[in-house]
Amino acid sequence: MVVNKLYFKAGEIASKALKEGIKLVKPGASLLSICETIENRILNLGGRCAFPANISVNQIAAHYTSPPEDTAKIPEKGVVKVDCGAHVDGYLSDTAKSVALNPEYEPLVETAEKALNSAIKWVRSGVKISKISAVIAQTIKKQDFKPVENLTGHEMKRWNLHAGLSIPNIPSLSTNTKLRENMVIAIEPFVTTKKGRGRVEAGKNAYIYKVDNKRRRDPSVKNFVEKYKTLPFASRWVVKDFGKPALNEVKKLVEKGVLISYPVLKEIGRGIVAQAEHTLVIDKNKALVTTKRT
Ligand code: MN
Ligand code: MN
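All figures in this text were calculated on a predicted structure; none of them were measured in a lab.

A. Broad picture of the pattern of salt bridges. Scanning the entire structure with this criterion turns up 15 salt bridges. The salt bridge involving aspartate 89 is made with arginine 158; its shortest N-O contact spans 3.0 Å. You can see aspartate 89 sitting in the loop between strand E5 (86–88) and strand E6 (91–92) and its partner arginine 158 sitting in the loop between strand E9 (152–157) and strand E10 (160–168), a full 69 residues away along the chain. By relative accessible area, aspartate 89 is classed as partly exposed at 45%. Residue classification places arginine 158 among the partly exposed residues on the basis of a relative accessible area of 39%.

See the structure below:
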């Protein structure tokens, strides 16, 4: 195993921050304060945020981080997904867990965890990605739920959160590419109910952005490149770091194609969604989970 030890440090930090965030998920709690608690915890533990903390509620599957002055609260019922990541000197981690606010959705949340853990058992050098995808889909279908097809796990490289390979949650969208020793991947099953379509679509709002790698030498994004490097950032961070008017600049840069925006993703059939995610380092005969829940 020659993978940099800092991947494990980043994993431990994200795991601790996630645990703290999850504790705060109670009806009536402010999403903004949960996001900020997680992000501050990551900093206090000696890491930096790999991306803004995501708190996606019910039919929202992913990419909701609080906008500036967000007044949104945790609802009484449903499912809340908390997704966060840290990095230490560019070595990344990415982890997520769901909370069922009412017992009706506990099986959905448990199924996401089960799909993740079943997949992890198969991870080793030489295994085909399609095998991992099949294990995820089968585990979910066995519980009479649906995998969300157009959200995937992903390879990670230093400073690159979504690098190279995708790890789909259904085998028909997967490939026979084999996992190799020392790769770093995130596996993240998303599960919805029978009512759901098993697909997400982009909503009209986006609160997360990233500099397009191909445009990072463009003078108009100099400040963003210096501050956020190659990693995603929140509109909330832009206000804090550069002031409120900078948000208009962000909009213009998205239109210009220099910044990429990540809209909030909603389940198309308005199904409730649960998610579970870990970051893994691939060893010869097993997966080493960097974001282990302690
Ligand atoms: Mn991920
Ligand atoms: Mn994630």
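Moving on from the coordinates now.
B. Spotlight on the coordination of the manganese ion (ligand 2). Donor atoms from the polypeptide that coordinate the manganese ion (ligand 2) comprise Asp83 (OD), Asp83 (OD), Asp94 (OD) and Glu277 (OE), at 2.1 to 2.3 Å from the metal. Along the chain, the residues donating to the manganese ion (ligand 2) are arranged with the sequence spacing D-x10-D-x182-E. A separation of 3.2 Å is found between the manganese ion (ligand 2) and the manganese ion (ligand 1), both of which receive a donor from aspartate 94. Linking aspartate 94 in the loop between E6 and strand E7 (95–100) with glutamate 277 in the loop between strand E16 (273–275) and strand E17 (278–282), this pair joins segments that are 183 residues apart in sequence. Summarising the burial analysis for this pair, aspartate 94 and glutamate 277 share the class buried.

C. Layout of the coordination of the manganese ion (ligand 1). Within the protein, Asp94 (OD), His154 (NE2), Glu188 (OE) and Glu277 (OE) serve as the donor atoms for the manganese ion (ligand 1), at 2.1 to 2.2 Å. Read in sequence order, the donor residues coordinating the manganese ion (ligand 1) give the pattern D-x59-H-x33-E-x88-E.

D. How the structure looks around the domain arrangement of the protein chain. Taken domain by domain, the protein chain comprises domain 1 (6–201 + 265–289) and domain 2 (208–264). The gap between the C-alpha centroids of domain 1 and domain 2 is 24 Å. Each partner contributes to the interface: domain 1 provides 26 residues, whereas domain 2 provides 16 residues. For glutamate 39, the salt bridge identified is with arginine 236, shortest N-O distance 2.9 Å.

E. Geometry of the sheet that holds E6. If you walk across this open sheet you meet the three strands as E1-E5-E6, and the pairing is antiparallel. The sheet is open, and its two borders are formed by strand E1 (48–49) and E6, each paired with just one other strand. Two strands pair when backbone bridges link them, and E5 and E6 are joined in this way by two bridges, in the antiparallel orientation. The residue bridging valine 88 from the neighbouring strand is tyrosine 91, located in E6. Each of E5 and E6 is contacted by helix H1 (residues 6–23), which is oriented at about 145 degrees to E5, the strand it contacts most.

F. Structural detail: unusual backbone geometry. A positive phi is found at asparagine 58, a non-glycine position, where the angle reads about 55 degrees. Note that asparagine 58 resides in the loop between strand E2 (54–57) and strand E3 (60–62).

G. Inspection of a positive patch on the surface at higher detail. A contiguous patch of positive charge, built from Arg48, Lys227, Lys229 and Lys240, is present on the exposed surface. Along the chain, lysine 227 falls in helix H5 (residues 222–228). Of the residues examined, lysine 227 reaches a relative accessible area of 44% and is grouped as partly exposed.

H. Region of the structure containing the packing of aromatic side chains. Going through the model one piece at a time under the given rule, you end up with nine aromatic pairs. With 5.2 Å between their ring centres and 80 degrees between their planes, tyrosine 7 and tyrosine 91 make a pair best called edge-to-face. You can see tyrosine 7 sitting in helix H1 and its partner tyrosine 91 sitting in strand E6, a full 84 residues away along the chain. The same class applies to tyrosine 7 as to tyrosine 91, namely buried.

I. Broad picture of the packing of helix H6 (residues 235–242) against helix H7 (residues 246–256). Taken N-terminus to C-terminus, the directions of H6 and H7 make an angle of 130 degrees; their axes are 9 Å apart at the nearest point. Classified by the angle their axes make, H6 and H7 are oblique. Residue-level contacts link Ser235, Val238, Val239 and Phe242 of H6 to Ala246, Leu247 and Val250 of H7.

J. Molecular detail of the sheet that holds E7. The sheet built from three strands is open, its strands ordered E2-E4-E7 with antiparallel pairing. The sheet terminates laterally at E2 and E7, the two strands that pair on one side only. Across the sheet, the mean angle from the axis of one strand to that of its neighbour is 15 degrees, orientation sign disregarded. For strand E4 (residues 79–84) and E7, the ladder comprises six bridges, and the chain directions are antiparallel. Counted as the bridge partner of lysine 81 is serine 98 from E7.

Conventions we followed
- Residues numbered from 1 in each chain as written.
- Chains lettered and ligands numbered in written order.
- Predicted model: local features only at pLDDT ≥ 70, side-chain atom pairs only at ≥ 80, totals over all residues.
- Heavy atoms only, no water.
- Salt bridge = Lys/Arg side-chain N within 4 Å of Asp/Glu carboxyl O.
- Helix = DSSP H or I, 4+ residues; strand = E, 2+ residues; numbered from the N terminus.
- Buried < 20%, exposed > 50% of the residue type's maximum accessible area, 1.4 Å probe, protein only.
- Donors = N, O, S within 2.8 Å, 3.2 Å for Na, K, Ca; no water.
- Domains from an automatic or database assignment.
- Contact = heavy atoms within 4.5 Å.
- Pairing = 2+ DSSP bridges.
- Axes fitted to C-alpha atoms, helices over the stretch in contact; angles between N-to-C directions.
- Patch = residues over 30% accessible without salt bridge, like charges linked within 9 Å, V, L, I, M, F, W, Y side chains within 5 Å.
- Areas by Shrake-Rupley, 256 points an atom, 1.4 Å probe, with all protein chains shown as cover.
- Lys, Arg positive; Asp, Glu negative; His and termini not counted.
- Charge placed at Lys NZ, Arg CZ, Asp CG, Glu CD.
- Phe/Tyr/Trp six-rings, centres within 6.5 Å; stacked < 30°, edge-to-face > 60°.
- Parallel < 35°, antiparallel > 145°, perpendicular 65-115°, else oblique.

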